[in-house]
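Below are the chains, spelled out letter by letter.
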Amino acid sequence: MAERTFSIIKPDATQRNLTGKVNAVIEDAGLRIVAQRRIQMSRAQAEKFYEVHKERPFFGELVDFMISAPVVVQVLEGDNAVARYREVMGATNPANAAEGTIRKLYAVSVGENSVHGSDSQENAALEIAQFFKAEEIVG
Ligand code: ADP
Ligand code: MG
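Below, the structure is looked at part by part. Model, not experiment: these values are computed from the prediction.

### Looking at the overall build of the chain
Per the secondary structure count, the chain includes seven helices and four strands. When the helices and strands of the chain are listed from N to C terminus, the series reads β-α-α-β-α-α-β-α-α-β-α. Over its C-alpha atoms the chain spans a radius of gyration of 14 Å, differing by no more than 12% from the 14 Å that the globule rule assigns to 139 residues. Seen through its principal axes, the chain has C-alpha atoms that stretch 35 × 35 × 25 Å. Counting across all 139 residues of the chain, residues that qualify as buried make up 47%. Long-range contacts, defined here as pairs at least 24 residues apart, represent 77% of the contacts in the chain between residues at least 6 apart. Surface exposure of the chain reaches about 7200 Å², of which carbon and sulfur atoms provide 49%.

### Some thoughts on the side chain of His116
Note on placement: His116 falls in strand β4 (residues 115-117). For His116, a relative accessible area of 10% puts it in the buried group. Only 3.0 Å separates the side chain of His116 from the side chain of Glu127, close enough to count as a polar contact. In this view, His116 contacts Phe6, Ser7, Ile8, Lys10, Phe49, Tyr50, Tyr85, Met89 and Glu127; residues no more than four positions away in its chain are not counted.

### Some details on the pattern of salt bridges
Taken as a whole and judged by the stated rule, the model has six salt bridges. Between Arg84 and Glu87 there is a salt bridge whose closest N-O contact spans 2.7 Å. Here the residue Arg84 and the residue Glu87 both occupy positions in helix α5 (residues 81-89), the gap between them amounting to three residues, near one helical turn. On the basis of relative accessibility, which here comes to 51%, the residue Glu87 falls in the exposed class.

### Observations concerning the nonpolar core
Ranked by internal contacts, the top residues of the largest apolar core, which has 22 residues, are Phe6, Ile8, Met41, Met66, Val73, Phe131 and Phe132. The element that contributes the greatest number of residues to this core is helix α4 (residues 59-66), accounting for five residues. In this structure Phe6 touches Phe49, Val73, Gln74, His116, Gly117, Ser118, Ala124, Glu127, Ile128, Phe131 and Phe132, once residues within four positions along its chain are discounted.

What counts and how
- Residues numbered from 1 in each chain as written.
- Chains lettered and ligands numbered in written order.
- Predicted model: local features only at pLDDT ≥ 70, side-chain atom pairs only at ≥ 80, totals over all residues.
- Heavy atoms only, no water.
- Helix = DSSP H or I, 4+ residues; strand = E, 2+ residues; numbered from the N terminus.
- Rg over C-alpha atoms; globule rule 2.2 N^0.38 Å.
- Buried < 20%, exposed > 50% of the residue type's maximum accessible area, 1.4 Å probe, protein only.
- Contact = heavy atoms within 4.5 Å.
- Areas by Shrake-Rupley, 256 points an atom, 1.4 Å probe, with all protein chains shown as cover.
- Polar contact = N/O pair within 3.5 Å; in protein donor to acceptor, adjacent residues only side chain to side chain.
- Salt bridge = Lys/Arg side-chain N within 4 Å of Asp/Glu carboxyl O.
- Core = buried A, V, L, I, M, F, W, Y, C linked by side-chain atoms within 4.5 Å.

These figures capture arrangement, not role.
Printed below as a string of structure tokens:
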């Protein structure tokens, strides 16, 4: 069933000029980029986005990283898009990521790991709504 997920190309990737290479992996995996915008996240936006992790020891570092340079926010569409994109991204820590995944190919470290992808359909809907209006998503 066609589904949507939310993606972020993180600062480590935009800084190394890898937006197009990441998008090529996404598209080669059969996911369609149906909305996309490059933004500089504010601290408040990053703190809200990662609120679920606010008690984790890496929260401050994560927020600092996410606002250290522009990011590209995206909506991806395809069959089982949430689970499919998690596969395409690879494990959080690139040392554990499978061959051919975005994180294996491009991530620098467990923190600077090039991409975000929603972990459930419910969170995908909430995350998409944080960054896009309905009319900005054209499937
Ligand atoms: P994922 O992005 O794979 O869903 P999590 O939701 O667990 O991973 O973590 C959110 C983000 O927090 C990660 O993508 C990464 O940027 C950062 N992060 C996770 N674990 C660590 C860690 N041990 N040290 C530093 N940063 C981390
Ligand atoms: Mg997560």
